[in-house]
Structure formats: structure tokens, C-alpha cells
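Observations on the three-dimensional arrangement
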Amino acid sequence: METLSIFDRKWKLCSFTSLIICFNIILLRLTNLQNLHDAFLTLALTPNNYLTSENLELLKPSTYNEKGKCNLFEGRWVYKPMGNPLYRSSKCPFLSDQVSCRRNGRPDFEYEKWSWEANDCRIPRFDAIDMLERLRGKRVILVGDSLNRNQWESLVCLLYSAIPSSRAHVNFREGSYKVFKAKDYNISVEFYWSPFLVQLHSNKETTTRVLRVDKLDGSSRQWQGADIMVFNTGHWWVHRGKFKAWDVLQYNRKLMDDTKIEPAFEIAMKTWANWVDKNVNSTRTTVFFRSISPEHKGENWCFNETKPIKDESSYVPVFPKPLVETVERTVTGMKTQIRYLNITKLSQYRIDAHPTVYTTRKDKQLIESKLKTPEVTADCSHWCLPGLPDTWNRLLYASMILEGSETSTNYLHEVFW
Ligand SMILES: *[C@@H]1O[C@H](CO)[C@@H](O)[C@H](O)[C@H]1NC(C)=O
Ligand SMILES: *[C@@H]1O[C@H](CO)[C@@H](O)[C@H](O)[C@H]1NC(C)=O
Ligand SMILES: *[C@@H]1O[C@H](CO)[C@@H](O)[C@H](O)[C@H]1NC(C)=O
Ligand SMILES: *[C@@H]1O[C@H](CO)[C@@H](O)[C@H](O)[C@H]1NC(C)=O
């Protein structure tokens, strides 16, 4: 009996080991096949698609939640010093003084090293070469206020960093129109200054500044025909005192009461929505609306902050909620499908990412004098570059490839399902 049982145990051990070996071989085979499969895909995708294999990996359905959707805007900030920032400010000669924090002497750079991660999926890294390929032959326009200019500068620096400087054309000196061109790709990325989207008209005789809520800004003639449009508005509607840009509001040739701004804002958003529905061919054009960029003033004051806020409930919203609701109601109720870049919450965490007093190039005296009274001089509205707007553009890029156009959805179906 004893011998038999030893034999029995040995045999069991033996078969168990073979089973493990067998299992490992199968596993190895599978991974190899997977690698081959991926390699084949990478090859098959060039030259139309220059996705890195890392980004290709992210396109698999496993990166989506059960509903097959990924909310790019719900997530958290993760400290990732490797690979961040995506470009150097010294490599982007047209970066404006307003946001060139390093060049202006900001002593800490940790704010450049955070990465946004979504709860539902892994967000692809911004891949400038792939983005250039996707934009080949296209016109991209960003229309809005200085926060959209901030985003334009970021997008242009991201793309510029991936091409030889001799193959780029940049005109950034004019305040109301800026353009970047990537010659080899026939791409143009334009910025139109239009903080209200509707028309601000100065009457030459009376010098009265009239904000016409039912008439779109004159530059809208140039918006027409662009392939990708990114709009924003909001900040200038709430300016008061010396920053208020209009004297009277006009609707249907009549003056409008401006003691409450909500009704005027609602009409202006409708005016914009009607223009989009009438002038945009969705087969050709993708329209984005970027949500309000949060400020860190008052209780959220940004000066001296070097880390993102951990606890979101400690952020006290400054921007009026009814205006945000108007924007969301408008963009979700249109004939044209609008992609809403809902970056407000993720940006609220970034108390550390504003220029504060470092907004003037090499003017040490000015910075020193600003440092004496940061409570009045710190800029807690715009964002340092490289910095947060690079993430907005990464999400613009991600929403182009993940939620994607028809072709990329088909691509997902064909390849993985
Ligand atoms: C470049 O793109 C524009 C549209 O942005 C198009 O009208 C033009 O034909 C293109 N040129 C070439 C050479 O592809
Ligand atoms: C929209 O654009 C597509 C592709 O360019 C074109 O085939 C279609 O006729 C356009 N539709 C309208 C209403 O202009
Ligand atoms: C900002 O930080 C510096 C250095 O840590 C400190 O000396 C200064 O008092 C701080 N200023 C304010 C207003 O918190
Ligand atoms: C935008 O994000 C906020 C908070 O993250 C959320 O409450 C809101 O519903 C979102 N808006 C839309 C239109 O998805």
C-alpha cells in the first residue's frame, strides 16, 4: 500500500507539472500571436496611420466601460515625470509672454508633469505625427477668447515640435487672427479672436459699444468651410467694471436690459447654434465646444500653489452656473452633433498651473513689483505652457480617435470584434 501511494503521489506531481508546462507553452504561443497580430496591424496602418503601438493597444474594446463608452473627462491627475511635458517652451518660439512661465522665471516646474487619467479607459498619449496625418489637407479653427488662444498656442506648439521648423509657417503677431501652417501636410490651424461669438460693434459717432446678441461676429465668414472647429465663450459675458467690453446690449434692433446677463447669453448661444446648424456640413466638419476654463481666485487663490488640488470639494466655483447650463442645454439640443470638451472639472484641480506673476518676459523688475502685491497682479485665469491646455488638446485628439469618426468606429469593429 505504502509504495503504491508514493507512486501515486509522484505520478500526480508529474502530471501536474506537465500540465503547467503545457499551459505555459499555450500562453506563450498566444502572446506571440498577439504580438504578431499587433505588428501586422502597425504595418497595415502605415502610411495612413502613424499610431504608436502603445496607442494602438488603447483602441481595443477592453479600454471601454460596459456601455462601450469612455468618459474622457471623469478621472484623476497622476504625477508622471517621465515623458512630460510633451514639448519644450524653448522649441516653440512663438509662445506668448503671457503663458511662457519658465522663460519668465517661474522657479518650479512640477506643474508640467501631471497626466490626466480617465476612470473608464486609458487615454492615448498625444501623438503629434499621427495627429498631423489625421489633419492632412484640413483646416482647423479655434474661435473664442484668450483661453482659446491659450489652447491654440498649445496645439500649435504640439504640432510644431514634430516637424522641421523650415516646413512651418506661423503668423502670430496679429491679435485677432493667428495661423499656423504645416506645409508638408497642407494643414492650417487658425485662431479667430471672438470672445462673445456674437458681434461687438462700436458706433463711430457716439463711440457706444453695442453687443448684438442676434448677429454673429463678422469673422464667421472665414469660419465657413473649416474641417474642425473649436469654439468657446463665457468669460467676457461676466466681466464688470473696467473689463466690461460693451455699453449696451441689442436684440432685434432694440436695446436689451443688461441687469441680468442670462437672457442675453441664451439668445447669443442660440444665434451661434443656428449658424452652425445652417452652415456646417457634419459629413465634413467636426464641431467642438470647449467648456468654461475655471479661474482660481478668491477662496481658490492660485498664487504660490505647486500641486493640484486633491479634494475637489475644496474648489469653490466662481463662474455662474446658469451660464454653464445654458451652454450645455444649447450644445446638446442642436441638429448638428457637437462634441463637448468638458474640461471644467479636470481643470479645477489645477490650481498649480496658472502663470501667477510670471507673465512678462525677462522683465525682472516688473515681476519683482508684481511679487510685492500678488493679490492684485497674479494671473489665475490663463495657463502656463507647456501645461494644462496640452491636456485639453490631448482630449481633443483622443475624442477624434476613440469616439472617432465613422471610419475609426468601423475600424474598431473590423479589427477587434
Ligand atoms: C490644401 O488644403 C485646402 C483646404 O484646406 C484645399 O483647398 C487645397 O486644395 C489643398 N491643397 C493641396 C495641394 O492639397
Ligand atoms: C456634405 O459633404 C459631403 C462630403 O463632402 C457631400 O457629399 C454632401 O453633398 C454635402 N452635403 C450638403 C448638404 O452640402
Ligand atoms: C510664497 O512662497 C514664498 C516661498 O515659499 C514665501 O516666502 C512667501 O511668503 C509666500 N507668499 C504668500 C503670499 O503666500
Ligand atoms: C460636464 O462635466 C460635469 C462634471 O464633470 C458634469 O456634471 C456635466 O454633466 C458634464 N456635462 C455634459 C454635457 O456632459
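Relevant structure appears above.
If you're wondering where the values come from, they're calculated on a predicted model, not measured in any experiment. (Residues numbered from 1 in each chain as written. Chains lettered and ligands numbered in written order. Predicted model: local features only at pLDDT ≥ 70, side-chain atom pairs only at ≥ 80, totals over all residues. Heavy atoms only, no water.)

Focus on the state of the cysteines
Stated precisely, the cut-off is as follows: Pairs of cysteine sulfur atoms within 2.5 Å are identified as disulfides in what follows. Starting at the N terminus, helices and strands are each numbered in turn, a helix being any DSSP run of H or I of at least four residues and a strand any DSSP run of E of at least two. Think of it in three bands: with a 1.4 Å probe and only protein chains considered, a residue is buried below 20% of the maximum accessible area for its type, exposed above 50%, and partly exposed in between.
Taken as a whole and judged by the stated rule, the model has 4 disulfides. One disulfide bridge connects Cys70 with Cys121, the sulfur atoms lying 1.9 Å from each other. Disulfide Cys70-Cys121: the torsion about the S-S bond is -65 degrees, which places it as left-handed. With a gap of 51 residues between them, Cys70 in the loop between helix 2 (53-58) and strand 1 (75-79) and Cys121 in the loop between strand 2 (114-118) and helix 3 (128-134) connect regions that are remote in the sequence. Neither residue differs from the other here; Cys70 and Cys121 are each classed as buried. Bridging Cys92 to Cys157, the disulfide has an S-S length of 2.0 Å. As the torsion about the S-S bond is roughly -90 degrees, the Cys92-Cys157 disulfide counts as left-handed. Taken together, the residues Cys92 in the loop between strand 1 and strand 2 and Cys157 in helix 4 (residues 146-160) connect sequence positions 65 residues apart. Taking the relative accessible area as the measure of exposure, Cys92 reaches 1% and is therefore buried. On the basis of relative accessibility, which here comes to 1%, the residue Cys157 falls in the buried class.

A closer look at helix 4
Short version of the rule: In this scheme, a helix's expected span is set at 1.5 Å multiplied by one less than its residue total.
Over its 15 residues, helix 4 runs 20 Å from end to end, which matches the ideal 21 Å to within 8%, given 1.5 Å per residue. Of all 15 residues that make up helix 4, 15 are buried, and the element is covered over most of its length.

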